[in-house]
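Working through the structure, step by step
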Amino acid sequence: MSLFGLGNRNQKTFRPKKNAPSGNKGAQLKRHIDATLGSGNLREAVRLPIGEDLNEWLAVNTVDFFNQVNILFGTLMEFCTPTTCPTMSAGPKFEYRWADGVQIKKPIEVSAPKYVEYLMDWIEAQLDDESIFPQRLGAPFPPNFKDVVKTIFKRLFRVYAHIYHSHFQKIVNLKEEAHLNTCFKHFTLFTWEFRLIDKAELAPLNELVESIILAY
C-alpha cells in the first residue's frame, strides 16, 4: 500500500494536510523544497536558500515535516493501539510522557497512539496560531520562534523513534520501509543542519542518525 495512495482504512484517522504558512512566500519556499527533493539531493533540500529568511524556511519545513509524520503514523493506526503500545516508548530504555504546559502541566503516562494524538493536536494549535506562525507576508515571527520549532521537532522525532522500535517490521510488511527511511533521512539532515534537536534526545536512534549524517 502506498503512503500516498491512502486507503479507506486510514481516512478516518487523518487530519487535514496543513498548507505552507506566510502567504505567497511560504508557497514559493514549498515549491523549492519539492523541486530539490525531486532531484534526490537531500542535502541540498535542507539548506537555507540564498537570500531567504531563516524563520520563513523553518516555518515552511515545520509544516512539511508535520504532514509527513502525520501520513506515516496514519498507516500504522490500526497496529499502534493502546493494547499493543500501552506506553509511548522507543525500545526498553526510553519512555515518553505527555505534557503541553497548558492543559496538562504535569507529565502523564499515556499510550503511544494517545501521545501522538496529543502531539498532533498540540502542533496543529501552534501552526494555527498566527502570533507564532504568521500567515501574512512580512508579519514578524516571535522572539522565541526557534525554541517553539525545536520543541516541535524534538517531539516529532519521538514518533519516528517509536515507529522504528515498535513497528518497523509492519512497515516492512507494507513495503514502505524505503519511504520511511527517506522521510527520516530528510528529517535528520534538516534537524542537523539547523541544530534543532539536542544530541541526548537522539539516543534511541543514535546509530541510524549517525549513519545518515556520515553518509551525507
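Placed above this text is the structure.
Only a predicted model underlies this, so the values are computations on that prediction, with no experimental measurement involved.

1. Observations concerning the overall build of the chain
Looking only at helices and strands, the chain features nine helices and two strands. Secondary structure of the chain in N-to-C order comes out as α-α-α-α-β-β-α-α-α-α-α. Counting all 216 residues of the chain, 47% fall into the buried class.

2. A look at the pattern of salt bridges
Evaluation of the coordinates by the stated rule reveals seven salt bridges. Ionic pairing is found between E193 and R43, a salt bridge with its closest N-O pair at 3.5 Å. On the criterion of sequence distance, the pair formed by E193 in helix 8 (residues 177–193) and R43 in helix 3 (residues 42–46) is long-range, its members being 150 residues apart. On the accessibility criterion, R43 (15% relative accessible area) is buried. Its salt-bridge partner being E201, residue R158 comes within 3.6 Å of it at the nearest N-O pair. You can see R158 sitting in helix 6 (residues 145–166) and its partner E201 sitting in the loop between helix 8 and helix 9 (206–215), a full 43 residues away along the chain. Exposure remark for R158: the relative accessible area of 11% places this residue in the buried category. Among the residues examined, E201 registers a relative accessible area of 22% and is labelled partly exposed. Each of E95, R97 and E109 takes part in one network of salt bridges that share partners.

3. Some words on the nonpolar core
Among the nonpolar cores identified, the biggest contains 58 residues, and F157, Y160, F184, F187 and F190 are the most heavily contacted of them. Not counting residues within four places of it along the chain, the set of residues in contact with F187 comprises F65, F153, L156, F157, Y160 and I197.

4. A closer look at the packing of aromatic side chains
Per the counting criterion, the structure on display carries 17 aromatic pairs. Aromatic rings pair up to connect F65, F153, F157, Y160, Y164, F168, F184, F187, F190 and F194 into one cluster. Against the face of W122 rests R155, its NZ or CZ located 4.6 Å from the ring centre.

5. Considerations on unusual backbone geometry
In this structure, K175 is a non-glycine residue whose phi angle is positive, near 60°. For K175, the location among the structural elements is in the loop between helix 7 (168–173) and helix 8. Judged by its relative accessible area of 70%, K175 falls in the exposed class.

About the cut-offs
- Sequence order as written defines residue numbering, which begins from 1 separately in each chain.
- In keeping with the model being predicted, local features are shown solely for residues with a pLDDT of at least 70 and side-chain atom pairs are shown and tallied solely at 80 or more, while totals for entire chains, interfaces and linings include all residues.
- Excluded from the side-chain calculations are hydrogens and water; all other atoms, namely the structure's heavy atoms, are used.
- Put simply, DSSP H or I for four residues or longer makes a helix, DSSP E for two residues or longer makes a strand, and each gets a number counted from the N terminus.
- Only protein chains enter the accessibility calculation, which uses a 1.4 Å probe; a residue is then buried when its area is under 20% of its type maximum, exposed when over 50%, and partly exposed in between.
- Put simply, a salt bridge is a Lys or Arg side-chain nitrogen that is within 4 Å of an Asp or Glu carboxyl oxygen.
- Remark: nonpolar core denotes a set of buried residues (Ala, Val, Leu, Ile, Met, Phe, Trp, Tyr, Cys) joined through side-chain atoms within 4.5 Å.
- Contact criterion: two residues are considered in contact whenever any of their non-hydrogen atoms come within 4.5 Å of each other.
- Pairing of aromatic rings covers Phe, Tyr and Trp, the last through its six-membered ring, and needs centres within 6.5 Å; plane angles under 30 degrees mean stacked, over 60 mean edge-to-face, and all others mean tilted.
- Note on criteria: charge over ring means Lys NZ or Arg CZ within 6 Å of the ring centre, with the direction from the centre no more than 35 degrees off the ring normal.

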